[in-house]
Structures are given as structure tokens and as C-alpha cells.
There are 6 protein chains.
Amino acid sequence: MQRDHRNQRDHGKLDEGREHGMSVAIYPGSFDPITYGHLDIIARAARVFDRLVVAVLENPRKTPLLGDDDRADVIRRAIEETLAPDVARRVSIERFDGLTVEAARHHGAGFIVRGLRAVSDFESELQMAHFNRKLAPGIDTVFFMTALEYAYLSSSLVKEIARFGGDVRGMVPAAVAERLEAAAAAG
Amino acid sequence: MQRDHRNQRDHGKLDEGREHGMSVAIYPGSFDPITYGHLDIIARAARVFDRLVVAVLENPRKTPLLGDDDRADVIRRAIEETLAPDVARRVSIERFDGLTVEAARHHGAGFIVRGLRAVSDFESELQMAHFNRKLAPGIDTVFFMTALEYAYLSSSLVKEIARFGGDVRGMVPAAVAERLEAAAAAG
Amino acid sequence: MQRDHRNQRDHGKLDEGREHGMSVAIYPGSFDPITYGHLDIIARAARVFDRLVVAVLENPRKTPLLGDDDRADVIRRAIEETLAPDVARRVSIERFDGLTVEAARHHGAGFIVRGLRAVSDFESELQMAHFNRKLAPGIDTVFFMTALEYAYLSSSLVKEIARFGGDVRGMVPAAVAERLEAAAAAG
Amino acid sequence: MQRDHRNQRDHGKLDEGREHGMSVAIYPGSFDPITYGHLDIIARAARVFDRLVVAVLENPRKTPLLGDDDRADVIRRAIEETLAPDVARRVSIERFDGLTVEAARHHGAGFIVRGLRAVSDFESELQMAHFNRKLAPGIDTVFFMTALEYAYLSSSLVKEIARFGGDVRGMVPAAVAERLEAAAAAG
Amino acid sequence: MQRDHRNQRDHGKLDEGREHGMSVAIYPGSFDPITYGHLDIIARAARVFDRLVVAVLENPRKTPLLGDDDRADVIRRAIEETLAPDVARRVSIERFDGLTVEAARHHGAGFIVRGLRAVSDFESELQMAHFNRKLAPGIDTVFFMTALEYAYLSSSLVKEIARFGGDVRGMVPAAVAERLEAAAAAG
Amino acid sequence: MQRDHRNQRDHGKLDEGREHGMSVAIYPGSFDPITYGHLDIIARAARVFDRLVVAVLENPRKTPLLGDDDRADVIRRAIEETLAPDVARRVSIERFDGLTVEAARHHGAGFIVRGLRAVSDFESELQMAHFNRKLAPGIDTVFFMTALEYAYLSSSLVKEIARFGGDVRGMVPAAVAERLEAAAAAG
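Trainee: Can you lay out the overall build of chain A for me, pointing to particular residues and giving the numbers?
Mentor: The helix and strand tally for chain A stands at seven helices and five strands. Listing each helix as α and each strand as β along chain A from the N terminus yields β-α-β-α-α-β-α-β-α-β-α-α. When the 187 residues of chain A are sorted by exposure, 62% land in the buried category. If you take every contact in chain A between residues at least 6 apart in sequence, the share linking residues at least 24 apart comes to 76%. Accessible area of chain A: about 7100 Å², with a carbon and sulfur share of 49%.

Written out as C-alpha cells, the structure is:
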């Protein structure tokens, strides 16, 4: 089968990502912490791809609220808590450091998944996607739209509220809320 | 298999679109005429979905340059001309009139494909996608990014150039360029 | 009392709009038809101003779906249907033709109310507001944000759905939905 | 009087903000330093609301140029300098730390005032407003548009110019300019 | 002299536009009617280029308020009215039909001048500029920013006001205002 | 010759920048490091102006990857490497600290050159340009559009890739790439 052989003139070389008939995608992020908005994107992407790798950026430039292990652990519990078992089974959680396209190659992913919430998100996502195409023409970025009720949500807003003792239970899974509350109490 | 049973609280009812393990998507548009930008999106989407229905809007509000049959015919030839045979085989061309979500249901598609070129595209696409989710919660919109070299292209720009006798060969497939030239000569 | 006497250097002459301690605002639009998004803005503005004039543009450039009388009538019923009686009492419905600032002056309004849904709305609203300030420095524009669940709604989308026989009951008041269904059946 | 009893289905619970017939609004910010743009918004908002609380964020994340007391003091003088006495009388200056909605509740405010200058402002304001609605459905955000001549102004630009010895007299009140000049000379 | 020979890899072939040491630019538009915003751009561009051709689009798709001759005539009078004689001498007015790049070539112009007012202008200008570069790599687009006080102005707004008998004297030159008033009176 | 005497009412005092018939422009930036996008803008601006000063900001707030001397040196080599000798001759490299308009005055420049890549760039550029006009009405900002193939490029992206050992040869001149590779190896 030579499904990815195609005319080079009209679009880049898209020759990765569907090995053995399996479509694999990577969803990279800091997830500091994961929100219901991220989980919404995971659920949407898991409908499209046969395997979805949630790739947690290690040691992000800004000091994370939760350590690398904690962030991965919290995502695992959140996925179990909110996704159906057969969907959750297709989602794995990995850590990565470095360029997203390198992580994609490492996990055999032909696609990068990104969520879009608002116009301000969009242009930097567009730039990042063009940039990743230049670095790795065979890996394509696929965008999903966050549910309207999570359009205002962001990890930094969640941290801001938690820092002031606000209630974040409608914004992040229980496992995350507990950690945030403990962190705020510890001060 | 109950792959689409999932937690209702966190995201809408996403229960359509993967019947018998096949993912089916619809790519709706006026395609008046189809450009290399559209074909780029078709090639990208055909990597992700098992079947892609290019759905040509009949009788668009604005009088089309080409009639319904002509537009479908030109797309068929353009796909044969630019996509590899095994990719082209997974793409079908259909005509539709009415709401996109109705066309999606009619063809058993669980996904709507849209191309994003620029920020100005984005917000109306976002609104349309939210609106389609409200009409049909089980059908999701998936966005692909047009290749940078086609980011400036639009059907209306192509028609504008052709109208003034400009050269559109780098923008649309040969079959389209011929029709446009004939129309300009006649018109 | 000379509440509006103030320093001219730092801001325009804001000397209208609070006669006898009453704040009066005008909410202009085509309302063709009125949606739950418009009603949401009316409810929000009616909390702020003592009197709110919903000003229905007569003979908009684009042929309206409903005639001038019908649009005003449908708004009246929608307001009664969705707002509390004491709020509804502060809202009046008027027809106007011409410049918004003229209508504002005619009704003794010192404020123009506008709803903001999305970024694409915003810039044209900003231009219109600057323009109205130039025409009438004493009348200011005040913006309210539409509820998130109506952010995707617009009169033209509603008409589009109704035209194809789609269900618009969650988008417009019952009185409007009936008219749209009758029009679609007739048309 | 039960002015705020209303239909819950169509818009959030808007039951705060008009106690005893008085409308109270809060205008939160770092005001580091206050500019003529901020004062323009204060003047506009003071026309609409019976009482306006200018709420100065204590200890903003970024080290402020001026301390908490200084910023509040400078605002007080600027308001006296630029607003008419009867308007200035309705404006009070308070300090706050934490969430804006908590400060609003503390001061009995049913409204949050925000200024809009440009498109780039707008989306983050929209997100913040949706977020505040979720935290406090009874408190609404009302937007005013900065006068065109201050559309380019921001506190950070003012600090940038002052740092290099540029003239900021047309951008901030004299009291602020003096402080900035003293700080630049000192430092 | 081989001033335009340069490295082709890093930027397009920019070999037109500076013949005999003269830089020539074209400023295309419908100018229906010309506003102070357009005149502001003309004055700015005339500082940069040795010759500036104001190119008036004949028979624009939308029926113009003023005929082709009238628009050119009104621009001529407006330029004489507002620009210094030595600047006005470098500006010529021509009519064109068809593609802007063809008009540029016809007049020996190496540059296309465009005015930017706001974000909403910007993206379509960017697309048009990329598109013109593709059609004519040797002709570059240069952007000037309209003065802040004209940022809200547009020909269509001016026509809207004039249609309703509003005063447009601060927005367009006297010669234009007279024509608009006569047209409104007639009809 | 009194080329810059003109009507003050319609546009600012534009009386600088064309001394002795020479047009001089300044292109300010951190250039940390210079990319092919910057060089593209330099080549475009050098076609328009008789002399172009590339002004390298000393000691930018964020710690630069390369020191002041190194950044200037790398730009010099990049210009020699990519521009034709007769174009390169018209371009000089200077260092500056402080306000851009002061640097412009110091070098006798009547114009500030800025590159536009995308919508997100645009609004902050617009604000900066209005601001500079206020500080120095006689100095105008002229915008050029980066070539489409560099639209995704930014200095910070380049540094990000280099930090992770990625290949930046298609994004920056060889001289820059060597420095970045050495820094990454050392770092």
C-alpha cells in the first residue's frame, strides 16, 4: 500500500503518520494544570485518531505549579475520570523535552493536535504550525475547537483563581482541584 | 464496540461518525472555482479520514461562475490531476443544498472539514462550527491549515484576475484555468 | 445640579443623557429578527439605564424578512415573554430611519447600547462608536457582552437555518420562530 | 421593588448591583501609573453609574513603579485635577488584593467597568468578562471606549518614555509626570 | 548601474521601480468619494516617492456615487486645496480599469501605496499585497498609517451620513461635500 | 526648495527626513538574532530610501543571546552575504539606546521602517507608530510586508529551535547559525 505517495507540487511531502493503517497523533502542552478545556480537546481528538499521545512538556520555561511527575499523574487520573474506558485506552501520556516535531517522530505520530479557543490563540497557533511544517513536512497539525463553555478557560486563569482561594471545581477535574487547594493552603 | 459512549458532562454527545470503524468526513464549499488551496486541504484531510466527501453547494446565493455540474466535474478532474490514485480513491464528490449538518448526516459523516488560511477566516469559521455543534452535537468540525503558498488564494481573487485576463495557472488546476479563460473570452 | 459640567481638555463634551437624574439609552438595530442574543443585551442594559429605547431601523438596505411593524411587534412580544414585568416596563420600542445619533437625540438618550459577541464584531463597533462621537460628542456608546451561549448567534444565521427548515426554537423567541416557520412554508 | 427578579432561562442571574436604587460599579486596574486614558474611562463611567469605585490592585505581579499608597494618592489628585467636582464626588479610590469579583462584592458593586482601546485589548477583556460572569453571575461587565486621542496610550509605554527622559506631560496628569521624572532622575 | 541585482534566494525579484533614479508609486482606489483619510495617505506617500500616481478605479463593481470623471476631478481639486504646491506637483491623477499591477506597470511604478487604518483593514491588505507580489514580483507594496483622527473614516460612512443629511465637512474636502450635498438633495 | 512646507490642517508637521533631496530611514530592532525575515525587510526598504540605518537596540530588557557588538557584527556580515554590493552600500549599521525617535533624529532619518508579518504584529505596530508620531510629528513610519516564506519566522522561534539542537540554516544567515550552534554547544 502506498497511500502517502502523492503529487509533490501541490502540497508538502506528507509521508508519515499512518503506519500499518494506524493514525497516531500527539497533543503537546504544559498542562500546568490540565483543564476541562484540554480534556475536551483530548476527547475530540481521540474520536479521530487511532492513538493519541498526550505529551507533557518537561521543565517548561516558567516554573510549573506541579512537577513533571505530578502533571502526568494528574492527567492520567483526569482522563480516567472523564473519558469512557474504551476512549481512555487509546490515549497515552508521555513526557517530552525539546521540539514538538521530535517528540512526534519519537512516538511515530504523523499529526499534531491543537485546540483553538479564540482569535488570540489562533495566530500564534498558525505560526507554530507553519514552523513545524517547515521543520517536519511529513507531520501535519490538526485543529479542534474547544467547547463553547470552556472557551474562557486557561491554565493560568485557573492558577490565578486558586491562588486567591477561589473555587475551580467547574474548571478542572477533582484531582487537579485538590492539588491546587493544597498548594494554595501551603502558600 | 461502544467507542463513542462517553462522559456527557464534559463534552457534547459525540456519537456519530465512526460507524464500522470507518471515519467519514465532509468538506463543504461552493468551490467556485476550486483552487490549489482547496486541493491542499483535501489532500491533508484525506490522510486523516478513511473517506472524504467533497460536498459542492448547489445554487449558492451569489451566482456562480460555473454551474453545479461543471463545478463538480472540474473538482473530479482536479483531484485526479493532483492527488495520488490511492488517495483520490478515498475522495468522493457530491452535491448538496441546505444545511451542512444535514449533508453530513446524509453521507454518514461524523466530521466537517474546514481549511484555515488567515485570522479573518478564523472567527467566522469558529462561529459556524459552534453553530453546527448546536444543530448536531454528534458531528465535530476539524480544521486544517492551508499551505503557506496558498494562504493568499481565494476563489473570488481567482475570478477577479481571470476577469481581467490575468494568468491564474499557478492558482487553479489546468481544467479550471481553461474554463475561466473561456468564460472571460466569452464574457 | 451641574453633573455634566467637566474638564473639556481630557474628554469630549459629555453634556447630554442624564436629564432630571434619569439615564436614557438607545439600542439600535435591524432586529431582523430579534434573537435571544439581542434580548440578553436588552436585559443587561436595562439593569444599567433607567430607560432603554429599542430602536428598530426602518427599511434597512437589505430587504428584511419581516416588515417594520412586524419586527417591532415581535420584539414587544419577545420582551414580554422573556423579561420580568418591572424590567420590561422600562424598555420601549420605537422605529427610526436615519442616523443613530439623531434617533438618540430625538428620544433624549445620552447613551447608545451595543452588544459585543466576538472580535470580528468589535472593530466595526469601535469605528461606528468613534464616528458617532464625532457626530455627537455628548452621546456615548456603552458596550455589553452577549452571554457565551449566544456568542455564535446572529440574525442572518437564524434566517439561513429557517430557510432550510431547521429548528430555531433555541435561538429566537417562540413568536419569532412561528413567523420564520410560516415564512419558510410560504416561501 | 423587585427590579432584578427576571427570567433565568435567557440570561444569568443578574440580581446584584442596584441596591436602594443606586448603581455601583468598580473600575479595577494596576494604574501604574494612571494615564489620561484611564481618566477618560473614569469620566465616561461616572456619567452612567451613581457611584464608581476605582480599585487599585495591590502588589501586582510585576513590580510597580509606584507603591500602593503612591498610586492611590496620584489617582486621587488626578481625579481632582481633571474631573468636575460633582463628578469627582461620586468617584472613590480603594485598594484591593485578589479577585476583582470579590472586590466588587466587598464594595457592593454590581458592575465592573473596563476600557477598550483596540482589538488586541478586546479578546482578553472578553475572556476575563466571561470568566468573571462564571465566578459571579450577578455582576456584569460594562465596556467603555477610550477617546481616540488616547487609543495609543498605555501605562507601560508611559514608563518606557519616562525611563529614557522623554516628555510624558500630554499622556499623564502633572502629578504623575512629576513622580515619573523624579523616579527617572533617581534612577 | 545595477542597483536591483541582488540575491534571489532571500527575497523576490525586485527589479522594477527605480528607473533613472526616480522612485514612482501608484495609490489605487475607488475614491468614491476621496476623504481626508485618503489625502493624509497621499501627503505621506508624496514625501517618500518622487512621483505618486493616484489611480482611480473606473466602473467599480458597486455603482459609484460619482462618475469616473467627477471622482478624478474632485481628487484634483482636493489635492490642490490641501497639499503644498510643490508636493501637489509630484502627484498625478489617472484612471484605470483592471488589475492594479497592470496599472502600476503602465505608469512605470515600482511601488503600490496602501493606507492602513485598523486591524480589519490589515488582513485583506496583506492578502492583496501577497497576491500582487505573486502577479508582479518586481512591484512592492508600501504601507502608510492614516492619522489617528481619520482612523474611523471611510468613504462608505461618509456616503451614509450624507444620505441622511448629516454634516460631512470635517471628513471630506469642500469640493466633495458640495457634490454629496447636491446628490442628497437631488435624491 | 521647500518640499516639506504643507497644509498643517490635514496632516501633521512632516518637515523632517528629506534633507538635500536624500531620504533617510531607520530600521530599529533587537535583532537577537537577525533572521532572513529582517533581511527581507532591509532589502525592500533599501529600494525605497536613499540611506537605511539598521539600528540595533543596545541592552534590550531581555538578556540577548548575543552581545551588542556581536549582533551588529553578525548583521554586517549577513547584509554583505545576502544583498548586492550597491544595495549593501546604502545600508549602515548603528547601535542605539533609548527612544527610536531620538535615534532617528540623531541619524537625520525622517522615516522609521517596520516589517509586518501577521495580524498579531500589526496592532502593536500601529500603537507604536501613533505613539512615535505624537513624540515626533515630523518622522513617519513606513511599513513593508515580509515575504510569505518568512511570515512564520521570529528571532525567538529561531532561538528556541537552536536551543534544542534543531537546524536553523534556512532561517538565518550562516554567520548567525554558526553563533547559535556554538552557543547551544557551550550552553
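Next, the rest of the story.
Trainee: Tell me about the interface of chain D and chain E, and name the residues and values.
Mentor: Listed by partner, the interface residues are four residues for chain D and four residues for chain E. Carbon and sulfur atoms supply 92% of the area that chain D and chain E bury against each other, a total of about 290 Å² over both sides. Of all residues in chain D, Val119(D), Leu148(D) and Tyr152(D) bury the most surface against chain E, accounting for 91% of the area lost on that side. In this structure, the connection of chain D to chain E is made through zero salt bridges.

Trainee: Talk me through the sheet that holds strand β5 (residues 140-145) of chain E; I want residue IDs and the actual numbers.
Mentor: Taken in spatial order, the 10 strands make up an open sheet running β3(E)-β2(E)-β1(E)-β4(E)-β5(E)-β5(F)-β4(F)-β1(F)-β2(F)-β3(F), and their pairing is mixed. Edge positions in the sheet fall to β3 (91-96) of chain E together with β3 (91-96) of chain F, since each has one partner strand and no second. Strand-to-strand twist of the sheet, defined as the mean angle between neighbouring strand axes without regard to direction, takes the value 35 degrees. Sheet topology note: the strand β1 (residues 24-29) of chain F/strand β4 (residues 111-116) of chain F ladder contains two bridges and is parallel. By the bridge assignment for β4(F), Ile26(F) is matched with Ile112(F). Sheet strands touched by helix α5 (residues 119-135) of chain F: β4 (111-116) and β5 of chain E together with β4 and β5 (140-145) of chain F. Its angle to β4(F), the strand with the most contacts, is close to 170 degrees.

Trainee: Before we move on, could you go through helix α6 (residues 155-163) of chain E and cite the residues and values that matter?
Mentor: Turning to α6(E), its buried residues are Ser155(E), Leu157(E), Val158(E), Ile161(E) and Ala162(E). Around the axis of α6(E), the buried residues are gathered within 160 degrees of arc, so they sit on the same side. Against α5 (119-135) of chain C together with α1 (36-48) and α7 (174-186) of chain E lie the buried residues of α6(E). Residue Gly165(E) follows α6(E) closely and has a positive phi angle near 80 degrees.

Trainee: Tell me about the relation of the copies chain D and chain E, residues and numbers included.
Mentor: Take chain D, turn it by 180 degrees, move it 0.0 Å along the axis, and it overlays chain E with an RMSD of 0.0 Å. Taken together, the rotation angle and the small translation identify this as a two-fold axis. Looking at the interface residues of chain D, 100% of them are also at the interface in chain E, so both copies use one shared face.

Trainee: Describe the environment of Ala175(A), and please don't skip the residues or the numbers.
Mentor: Its location among the elements puts Ala175(A) in helix α7 (residues 174-186). Filtering out sequence-adjacent residues up to four positions away, Ala175(A) remains in contact with Val74(A), Arg77(A) and Glu81(A).

Trainee: Give me the packing of helix α2 (residues 68-82) of chain F against helix α7 (residues 174-186) of chain F: which residues, what numbers.
Mentor: All names here are of chain F. One can describe the packing of α2 onto α7 by two numbers: an axis separation of 8 Å at closest approach and a directional angle of 145 degrees. Across the interface between the two elements, Asp 70, Asp 73, Val 74, Arg 77 and Glu 81 of α2 pack against Ala 174, Ala 175, Val 176, Glu 178 and Arg 179 of α7. Residue composition of the contact of α2 with α7, by class: four nonpolar, no polar and six charged.

Trainee: Give me the sheet that holds strand β3 (residues 91-96) of chain D: which residues, what numbers.
Mentor: Within the open sheet, the 10 strands sit side by side as β3(C)-β2(C)-β1(C)-β4(C)-β5(C)-β5(D)-β4(D)-β1(D)-β2(D)-β3(D). Their pairing is mixed. Edge positions in the sheet fall to β3 (91-96) of chain C together with β3 of chain D, since each of these pairs with one other strand and no more. Averaged over all neighbouring strand pairs, the angle between strand axes comes to 35 degrees, with direction disregarded. With six bridges connecting them, strand β1 (residues 24-29) of chain D and strand β2 (residues 51-57) of chain D associate as parallel partners. By the bridge assignment, Val24(D) is partnered in β2(D) with Arg51(D). Contacts from helix α2 (residues 68-82) of chain C reach β2 (51-57) and β3 of chain C, with the element oriented near 170 degrees to β3(C). Against the sheet, helix α5 (residues 119-135) of chain D contacts β4 (111-116) and β5 (140-145) of chain C together with β4 (111-116) and β5 (140-145) of chain D, and its axis sits at roughly 170 degrees relative to β4(D).

Trainee: Can you tell me about the side chain of Thr82(F), naming the residues and giving the values?
Mentor: Residues and elements named next belong to chain F. Tracing the sequence through the fold places Thr 82 in helix α2. The class for Thr 82 is buried, based on a relative accessible area of 3%. Within the structure, the side chain of Thr 82 is placed 2.9 Å from the backbone oxygen of Ala 78, a separation counted as a polar contact.

Trainee: Could you give me a rundown of the pairing of β1(D), with the residues and numbers involved?
Mentor: Counting buried positions over the six residues of β1(D) gives six, a clear majority of the element. Running through helix α1 (residues 36-48) of chain D, the crossover from β1(D) to the neighbouring parallel element β2(D) is right-handed.

Trainee: Would you mind going over the packing of aromatic side chains in detail, with residue names and values included?
Mentor: All names here are of chain D. Summed over the entire model, instances satisfying the criterion amount to 21 aromatic pairs over all chains. Between Phe 49 and Phe 111 the ring centres are 5.1 Å apart and the planes differ by 35 degrees, which places this aromatic pair in the tilted class. Here Phe 49 is found in the loop between α1 and β2, whereas its partner Phe 111 is found in strand β4, with 62 residues between them in sequence.

Trainee: Tell me what's going on with the packing of helix α1 (residues 36-48) of chain B against helix α2 (residues 68-82) of chain B, and back it up with residues and numbers.
Mentor: Any two packed helices are characterised by how steeply their axes cross, that is the angle between the axes, and by the distance between the axes. Residues and elements named next belong to chain B. Two elements in contact, α1 and α2, have axes whose closest approach is 11 Å; the angle formed by their N-to-C orientations is 65 degrees. Pair α1 / α2 crosses with right-handed handedness. Between α1, through Tyr 36, Leu 39 and Ile 42, and α2, the contact on the second element is made entirely by Ala 78, Ile 79 and Thr 82. Taken together, the residues of the contact of α1 with α2 break down into five nonpolar, one polar and no charged.

Trainee: Explain the pattern of salt bridges residue by residue, including any values.
Mentor: Evaluated as defined, the whole model comprises 78 salt bridges over all chains. Between Arg133(E) and Asp140(E) there is a salt bridge whose closest N-O contact spans 3.1 Å. With respect to class, Arg133(E) is no different from Asp140(E); both count as buried. As a salt-bridge pair, Arg71(F) and Asp68(F) come within 2.5 Å of each other at their nearest N and O atoms. Taken together, the residues span about one helical turn, with Arg71(F) and Asp68(F) both in helix α2 at a distance of three residues. This pair shows no difference in class: Arg71(F) is buried, exactly as Asp68(F) is. One continuous salt-bridge network, built from bridges that share partners, spans Glu58(A), Asp68(A), Asp69(A), Arg71(A) and Arg95(A).

Trainee: Pulling in residues and values, what's your account of the environment of Val91(E)?
Mentor: All names here are of chain E. One can find Val 91 in strand β3. Judged by relative accessible area, which is 11%, Val 91 ranks as buried. Considered as a pair, Val 91 and Leu 52 are 39 residues apart in the sequence and their alpha carbons are 4.8 Å apart. Apart from the residues lying within four places of it in its own chain, the contact partners of Val 91 are Ile 42, Ala 46, Leu 52, Val 54, Ile 79 and Leu 83.

Trainee: Report on helix α2 (residues 68-82) of chain E, specifying residues and quantitative values.
Mentor: Residues and elements named next belong to chain E. Given a rise of 1.5 Å per residue, 15 residues ought to cover 21 Å, and the 21 Å separating the end C-alpha atoms of α2 matches this to within 8%. Looking at α2, one finds that the buried residues are Asp 68, Arg 71, Ala 72, Val 74, Ile 75, Ala 78, Ile 79 and Thr 82. For α2, the buried positions fall inside an angular range of 160 degrees around the axis, keeping them on one side. Turned more than 90 degrees from where α2 packs its buried face, Asp 69 and Glu 80 sit exposed. Residues of α2 that are buried sit in contact with α1, β2 (51-57), α3 (85-88), β3 and α7.

Trainee: Would you mind going over unusual backbone geometry in detail, with residue names and values included?
Mentor: Look at the link from Asp32(A) to Pro33(A): it is a cis peptide, with omega at 0 degrees. Checked against the element boundaries, Pro33(A) lands in the loop between β1 (24-29) and α1 (36-48). Although it is not a glycine, Phe31(D) adopts a positive phi angle of roughly 50 degrees.

What counts, and at which threshold
Residues numbered from 1 in each chain as written. Chains lettered and ligands numbered in written order. Predicted model: local features only at pLDDT ≥ 70, side-chain atom pairs only at ≥ 80, totals over all residues. Heavy atoms only, no water. Helix = DSSP H or I, 4+ residues; strand = E, 2+ residues; numbered from the N terminus. Buried < 20%, exposed > 50% of the residue type's maximum accessible area, 1.4 Å probe, protein only. Contact = heavy atoms within 4.5 Å. Areas by Shrake-Rupley, 256 points an atom, 1.4 Å probe, with all protein chains shown as cover. Buried area = accessible area lost by both parts, 1.4 Å probe. Salt bridge = Lys/Arg side-chain N within 4 Å of Asp/Glu carboxyl O. Pairing = 2+ DSSP bridges. Axes fitted to C-alpha atoms, helices over the stretch in contact; angles between N-to-C directions. Arc of directions from axis to C-beta. Least-squares fit on C-alpha atoms with pLDDT ≥ 70 in both. Nonpolar A, V, L, I, M, F, W, Y, C, P; charged D, E, K, R; others polar. Polar contact = N/O pair within 3.5 Å; in protein donor to acceptor, adjacent residues only side chain to side chain. Right-handed = clockwise from strand over helix to strand, strands pointing away. Phe/Tyr/Trp six-rings, centres within 6.5 Å; stacked < 30°, edge-to-face > 60°. Left-handed = near helix turned anticlockwise from the far one by under 90°. Expected span 1.5 Å × (residues − 1).

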